[in-house]
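Summary of structural features
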Amino acid sequence: FNDKHQVRLSYGKTVNRPEFREVSPSVFHDFDLDSDVKGNTDLTSCYIHNVDLRYEFYPSRGEVISVAGFYKYFDSPIEWTYTPTGGVTDVVYSFVNTKSAYSYGVELDIKKNLAFIGLPDFSWSFNGALIKSKVKFDKGSIFEDRPMQGQSPYLVNTGIFYNSTKANLDIAVMYNRIGKRIIGVG
């Protein structure tokens, strides 16, 4: 609309190619999981279609308030899986392609200088998102539609930043929080 108010609409198509460890037939031990991980030579690339609609407001130099809505469609997403191989603790992790998935949500992004409350060397930053996702399976499949593995339903990132050009000093205190998510599918 003008220098302070903008609306952006974008579309992008990206590709998520499997990493070497995801397609390697070798088995390696993951010490964090205390389990074996085996690649899947049948993995294919995942293609992702992204649509974003964003409103941005720039109150002053270096400040922004934006609100966005987004939608993503995943063709053959790669997910982290596990398979019990014996006892309760004997598990082999691997990777599979699922048929398709989607996610959508809203995001709020704020960068604000705190001079208006008498703190000219301080600024505040906030980013938060609410996200809904679903993996789709064929009708008649033994699997039910569910949220995507690894996708949190919300995330929050915020921080207070101090910048003194006189003292040549930058200090930041930050906070991050994500919602519960599916770690592995099994």
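Higher on the page you've got the structure.
Because the structure is a prediction, the values reported are computed rather than measured.

**Overview of the overall build of the protein**
Along the backbone of the protein there are one helix and eleven strands. From first element to last, N terminus to C terminus, the protein shows the α and β order β-α-β-β-β-β-β-β-β-β-β-β. Of the contacts formed within the protein by residues at least 6 apart in sequence, a portion of 60% connects residues at least 24 apart. By element, 57% of the accessible surface of the protein is carried by carbon and sulfur atoms, the whole surface being about 12400 Å². The positive charge centre, built from 21 side chains, and the negative charge centre, built from 21, are 7 Å apart in the protein.

**Focus on the pattern of salt bridges**
As enumerated under the stated definition, the model contains seven salt bridges in all. The shortest N-O distance in the salt bridge between Glu107 and Arg54 comes to 3.3 Å. One end of the pair, Glu107, is in strand β8 (residues 100–113); the other, Arg54, is in strand β4 (residues 46–57), with 53 residues separating them in the sequence. For Glu107, a relative accessible area of 22% corresponds to the partly exposed category. Between Arg146 and Glu79 there is a salt bridge; the shortest N-O distance is 2.6 Å. One end of the pair, Arg146, is in the loop between β9 (122–136) and β10 (154–164); the other, Glu79, is in strand β6 (residues 78–84), and 67 residues separate them in sequence. Residue classification places Glu79 among the buried positions, given a relative accessible area of 2%.

Thresholds, definitions, all that
- Residues numbered from 1 in each chain as written.
- Predicted model: local features only at pLDDT ≥ 70, side-chain atom pairs only at ≥ 80, totals over all residues.
- Heavy atoms only, no water.
- Helix = DSSP H or I, 4+ residues; strand = E, 2+ residues; numbered from the N terminus.
- Contact = heavy atoms within 4.5 Å.
- Areas by Shrake-Rupley, 256 points an atom, 1.4 Å probe, with all protein chains shown as cover.
- Lys, Arg positive; Asp, Glu negative; His and termini not counted.
- Charge placed at Lys NZ, Arg CZ, Asp CG, Glu CD.
- Salt bridge = Lys/Arg side-chain N within 4 Å of Asp/Glu carboxyl O.
- Buried < 20%, exposed > 50% of the residue type's maximum accessible area, 1.4 Å probe, protein only.

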